[in-house]
Amino acid sequence: MGNILVVDDEADIRELIADILRDEGHEVRLGWDGDSAFAEINAAAPDLIILDIWLKDSKMDGIDILKQTKRDNPAIPVIIISGHGNIEIAVAAVKQGAYDFIEKPFNIDQLLVVIARGLEASRLRRENETLRRGDMAPSEMIGDSAVLRTLKSQLDKVTRSNSRVMLSGPSGAGKEVAARYIHAHSERAHAPFVTVNSASIAPERMEEVLFGSESEARGHQPGLFERAHGGVLFFDEVADMPAGTQSKILRVLVDQSFQRAGGSDTVRVDVRVISATSRNLPSEIAKGAFREDLFHRLNVVPIEVPSLEARRDDIELLCAHFVRLLNAEQGLPAREFSSEAQTQLQLMPWPGNIRQLRNTIERILILGPESGPISVRELPKDSAGADEGDSRMRLGLELTSMPLREAREVFEREYLITQINRFNGNISRTSTFVGMERSALHRKMKSLNIGSVSQGAELTGEQD
């Protein structure tokens, strides 16, 4: 069902059409002249407009309203209704962008058929625009670790509301995927998801990009807020937003309205804002680089997106996912990782997080053979890092200078810390992998004075 605006100067006809449409389940708004029509359009763009050509006591006739509507909101279908003497004008209106026209007195069944076709055409146009914008980017959260399950639980809760969400976490951890997950599982899933890369837009162009512009030469150029109407506007790296734009964004969040650059009309939008940052915004506020009042407007529901090191259990599933994805998108070989390579990937440092993991897998598939399991030898040497090699050499030299019993204790301690880190502190999974009973592993950890793990994973006995 659609939101339909009926514009006619005759009250009887307005009400008749409105009653018919409401009986069919549509939401109906009414206008009787140019001013009332554009007041409704600016308040919230309708899905379809039914417009009479002749409007008594109106500053603008139907043709003028049509022209401005198609200039400012080209995606809205406009159905012209006209009397017997206005057929030529109605045909001319279709040539100027009207979807169709119906002659008065109209047939109700014909009217409903034309409206249904107009709404369907509008829906298909929106879907095509969505595909062109790339809104079908991944929104699936890959993994089954306890950390990811906690994150998904938080995201599922916010999908049921329209509250603003602030996603924080290191670069490459998947904050945009989390934002798309919220959008895809919300009531706004059918509407646009528009991304604002705050760092890539020149400060002097930020307002025009966000709010659009109007000029005689170029007409109406919609901004990202208008393009996101009904859906989600995602501010990536919001800390990079210019200071001058921050105050204007604040007003839009309060009023849900703005004026285009060079224009005087007030444009009203219905947009849910999701923000993301890899920086410490309270620190940016203290430095005067970010407005505190804007932070509180955006930070209604703060959610932390964990690093890849905090969810190493998911690396195996992520690897399989990226191999399938790269095979489908680029035709790269659909190879599997050997168990040794998989173990090594789980032990490597990932400062670039999931983005770095994906790039690593893509490089392996491009440079490696067409078939066969991926071996440890194919893993990039720089992924493990020179520091790790140096530390292994130092450990080896250190062990050779120790008595056997002491060296064995040092080795066991380093080995167990590495495995505990690999399984994010999960003692049950660690004991299964190393081949020890949990109670025996706990005794061994106590004897080796392993009270915490080197990369900050919390010890847990959770069974997967």
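A few points on the structure. Remember, it's a predicted structure, so these values are computed and weren't measured experimentally.

Moving on: the sheet that holds strand 2 (residues 27-31). Pairing is parallel across the open sheet formed by 5 strands, whose spatial order is 2-1-3-4-5. Taken across any chain shown, the strands that pair with only one partner, and hence form the sheet edges, are strand 2 and strand 5 (100-103). Averaged over neighbouring strand pairs, the angle between their axes works out to 20° when direction is ignored. Pairing of strand 4 (residues 78-82) with strand 5, which is carried by 4 bridges, proceeds in the parallel orientation. From the neighbouring strand, Ile81 faces strand 5, where its bridge partner is Ile102. In the packing of helix 1 (residues 11-23) onto the sheet, contacts are made with strand 1 (3-7), strand 2, strand 3 (48-52) and strand 4, and the angle to strand 2 comes to roughly 170°.

Here we take up helix 6 (residues 146-159). Its 14 residues give helix 6 an end-to-end C-alpha distance of 20 Å, which sits within 8% of 20 Å, the value for a rise of 1.5 Å per residue. Within helix 6 the residues assigned to the buried category are Leu148, Leu151, Leu155, Val158 and Thr159. Buried residues of helix 6, seen end-on, are gathered within an arc of 105° and therefore sit on one face of the element. Of the surrounding secondary structure, the elements contacted by the buried residues of helix 6 are strand 6 (165-168), helix 7 (175-184), strand 13 (272-277) and strand 14 (301-304).

Phi angles above zero are rare outside glycine, and Asp57 is one such case at about 60°. Topologically, Asp57 is positioned in the loop between strand 3 and helix 3 (62-72). Take Asp57: its relative accessible area is 72%, and that puts it in the exposed class. One non-glycine residue, Asn353, lies in positive phi territory at about 60°. Topologically, Asn353 is positioned in helix 15 (residues 353-367).

Read across the sheet, 5 strands follow the order 7-10-13-6-14 without closing on themselves; strand pairing throughout is parallel. Strands at the two margins of the open sheet, each flanked by one partner only, are strand 7 (193-197) and strand 14. The average angle at which neighbouring strand axes cross in this sheet is 20°, direction not considered. Sheet topology places strand 10 (residues 232-236) next to strand 13; 4 bridges connect them, and they run parallel. Across the sheet, residue Phe235 finds its bridge partner in strand 13, namely Ser275.

Quick look at the side chain of Ser36 now. Mapping Ser36 onto the fold places it in helix 2 (residues 34-43). Assessed through its relative accessible area of 11%, Ser36 is described here as buried. A polar contact of 2.8 Å, which involves the side chain of Ser36, links it to the backbone nitrogen of Trp32.

This part covers the pattern of salt bridges. On inspection of all chains with the given rule, the structure shows 19 salt bridges. In this structure, the salt-bridge partner of Asp314 is Arg311, at a minimum N-O distance of 2.9 Å. Just as Asp314 is buried, Arg311 falls in that class too. Asp313 serves as the salt-bridge partner of Arg429, at 2.8 Å between the closest nitrogen and oxygen. Here the residue Arg429 occupies a position in helix 19 (residues 427-434), and Asp313 occupies one in the loop between strand 14 and helix 13 (315-330), the gap between them amounting to 116 residues. Classification of Arg429 by relative accessible area gives partly exposed; the value is 29%. Residue classification places Asp313 among the buried residues on the basis of a relative accessible area of 13%.

Rules and cut-offs
- Once a new chain begins, its residue numbering starts again from 1 and follows that chain's sequence as written.
- Local features in a predicted model are, by the rule used here, given only for residues with pLDDT of at least 70; side-chain atom pairs are given and counted only at 80 or more, and totals for whole chains, interfaces and linings are based on all residues.
- Hydrogens and water molecules were not included; the side-chain quantities draw on all heavy atoms of the structure.
- Two strands make a pair as long as DSSP finds a minimum of two bridges between them.
- Numbering of helices and strands starts at the N terminus; helices are DSSP runs of H or I of at least 4 residues and strands are runs of E of at least 2.
- Axis angles are defined between N-to-C directions and span 0 to 180 degrees, where every axis is a line fitted to C-alpha atoms and, for a helix, only to the segment in contact.
- By definition in these notes, contact holds between two residues if any of their heavy atoms fall within 4.5 Å.
- Here, expected helix span is obtained from the residue count minus one, scaled by 1.5 Å.
- Only protein chains enter the calculation, and the probe is 1.4 Å; a residue is then buried if its accessible area is under 20% of its type maximum, exposed if over 50%, and partly exposed in between.
- Directions pointing from the helix axis toward each C-beta atom define the arc.
- Counting of polar contacts relies on pairs of N or O atoms within 3.5 Å, with two restrictions inside protein: one atom must be capable of donating a hydrogen and the other of accepting it, and residues adjacent in sequence are counted only when both atoms are side-chain atoms.
- When a carboxyl oxygen of Asp or Glu is within 4 Å of a side-chain nitrogen of Lys or Arg, the pair counts as a salt bridge.

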